[in-house]
Amino acid sequence: MVTETTDNWLRVSCAALCRITHADRYLLVLNRERRQHGEYVLAPLGGALTFAEPAPLLALGARLEEPTSSDLRFYLPDSALPHFRAWFASGYGRERSPFRELREELVTETRALPSLAPHDIAVTALRTVERREHTTRFGAGGPLTHYFLELYDVRFLDETFYQALAHPAADSGLVWLTRAQIVSGTWHMAIDGQSRAVTVRAAVLFGE
């Protein structure tokens, strides 16, 4: 087990993000948790990756953020980060697909699609992006957060899916933006009863 003083702890958060494109535009969605708190942020579809068993994390001295959850969000001594990075890169004992979160967002939450199955999409792993910054998650203050963001290219294998998503309902939180619109960092949209200036956090799609 790796041990370290509490002065050098990090919060670690791991997520899978989807790059979905059509007609030179990218599909983004309002962050659901932030929207519930009255903050409006557009980001790529996707969400937290999960682990199969906590043992590999606990062996590194990790403390799970939510002991009853299998999300890869936890606190870790800074010196143990290289060991976690190696475990994460191996893919062993953890989720390696954005499908679960993608289906939840498009079918369960936004109801933009009536259904979605793994054979409906083609998924290609692109890269893993690491960032260290203050957390943007509500209720998770404290140490800096080190993010592991796995980016996947996702294509629907039937044109009918793109047709169904072409004109999202106004309250769905889904929107198609061009690269220039994403890079600008702000998008104005009517949501929750009024026009709002929404923050766009999706430059990771372009390696930025």
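Reference entry: report on the structure contained in this document. The shown structure was predicted, so the numbers you read here are calculated from the model rather than taken from an experiment. Residues take numbers from 1 onward in each chain, read along the sequence in its written order. Predicted model: local features are reported for residues with pLDDT of at least 70 only, side-chain atom pairs are reported and counted for 80 or more only, and whole-chain, interface and lining totals are derived from all residues. Heavy atoms from the whole structure form the basis of all side-chain values; hydrogens and water molecules are not counted.

Counting residues in each nonpolar core, the largest one holds 39 residues, and the members touching the most others are L72, F84 and F156. Secondary structure elements follow DSSP: runs of H or I no shorter than four residues count as helices, runs of E no shorter than two count as strands, and numbering proceeds from the N terminus. Elements that contribute at least two residues to this core include exactly strand 1 (9-19), strand 3 (25-30), strand 6 (73-77), helix 3 (81-90), helix 4 (99-109), strand 8 (145-156), helix 5 (159-165) and strand 9 (174-177). When residues in this core are grouped by element, the largest group, five residues, is from strand 1. By definition, residues are in contact when any of their heavy atoms lie within 4.5 Å. Beyond its immediate chain neighbours, meaning those up to four positions away, F84 contacts V12, C14, L57, L60, L72, F74, L76 and F148. We define a nonpolar core as any set of buried Ala, Val, Leu, Ile, Met, Phe, Trp, Tyr and Cys residues linked to one another through side-chain atoms lying within 4.5 Å. Throughout, exposure labels follow a simple rule: accessible area from a 1.4 Å probe, protein chains only, divided by the maximum for the residue type, with under 20% read as buried, over 50% as exposed, and the rest as partly exposed.

Next up on the list: the state of the cysteines. Whenever a pair of cysteine sulfur atoms sits within 2.5 Å, that pair is classed as a disulfide. Summed over the entire model, instances satisfying the criterion amount to zero disulfides. We note that C18 lacks a disulfide partner, and the nearest cysteine sulfur, in C14, lies 16 Å from it. The class for C18 is buried, based on a relative accessible area of 1%.

What follows is about helix 4. Among all positions in helix 4, only F99, E101, L102, E105, L106 and V107 are buried. Trailing helix 4 by a residue or two, R111 shows a phi angle of about 55°, which is positive.

When you line up the elements, Q194 lands in strand 11 (residues 194-200). The class for Q194 is partly exposed, based on a relative accessible area of 44%. Residues Q194 and A89, 105 residues apart in the sequence, show an inter-C-alpha distance of 43 Å.

Here is the rule: rings of Phe, Tyr and Trp (six-membered ring for Trp) pair when centre to centre is within 6.5 Å. Planes less than 30 degrees apart are stacked, more than 60 are edge-to-face, and the remainder are tilted. A full pass over the atoms with the stated rule returns eight aromatic pairs. Their ring planes at 85° and their centres at 5.0 Å tell us that Y26 and F206 sit as a pair that is edge-to-face. Placement of Y26 in strand 3 and of F206 in the segment after strand 11 is noted, with a sequence separation of 180 residues between them. For the pair Y26 and F206, a shared accessibility class is recorded, and that class is buried.

Each salt bridge in this description consists of a side-chain nitrogen of Lys or Arg and a carboxyl oxygen of Asp or Glu lying within 4 Å of one another. Applying the stated criterion across every chain, the model contains 12 salt bridges. Between E65 and R11 there is a salt bridge whose closest N-O contact spans 2.5 Å. Here the residue E65 occupies a position in the loop between strand 5 (63-64) and strand 6, and R11 occupies one in strand 1, the gap between them amounting to 54 residues. In this structure, the salt-bridge partner of R19 is D153, at a minimum N-O distance of 3.0 Å. Taken as a pair, R19 in strand 1 and D153 in strand 8 lie far apart in primary sequence, 134 residues in all. Judged by its relative accessible area of 23%, R19 falls in the partly exposed class. Judged by relative accessible area, D153 falls into the buried class, the value being 13%.

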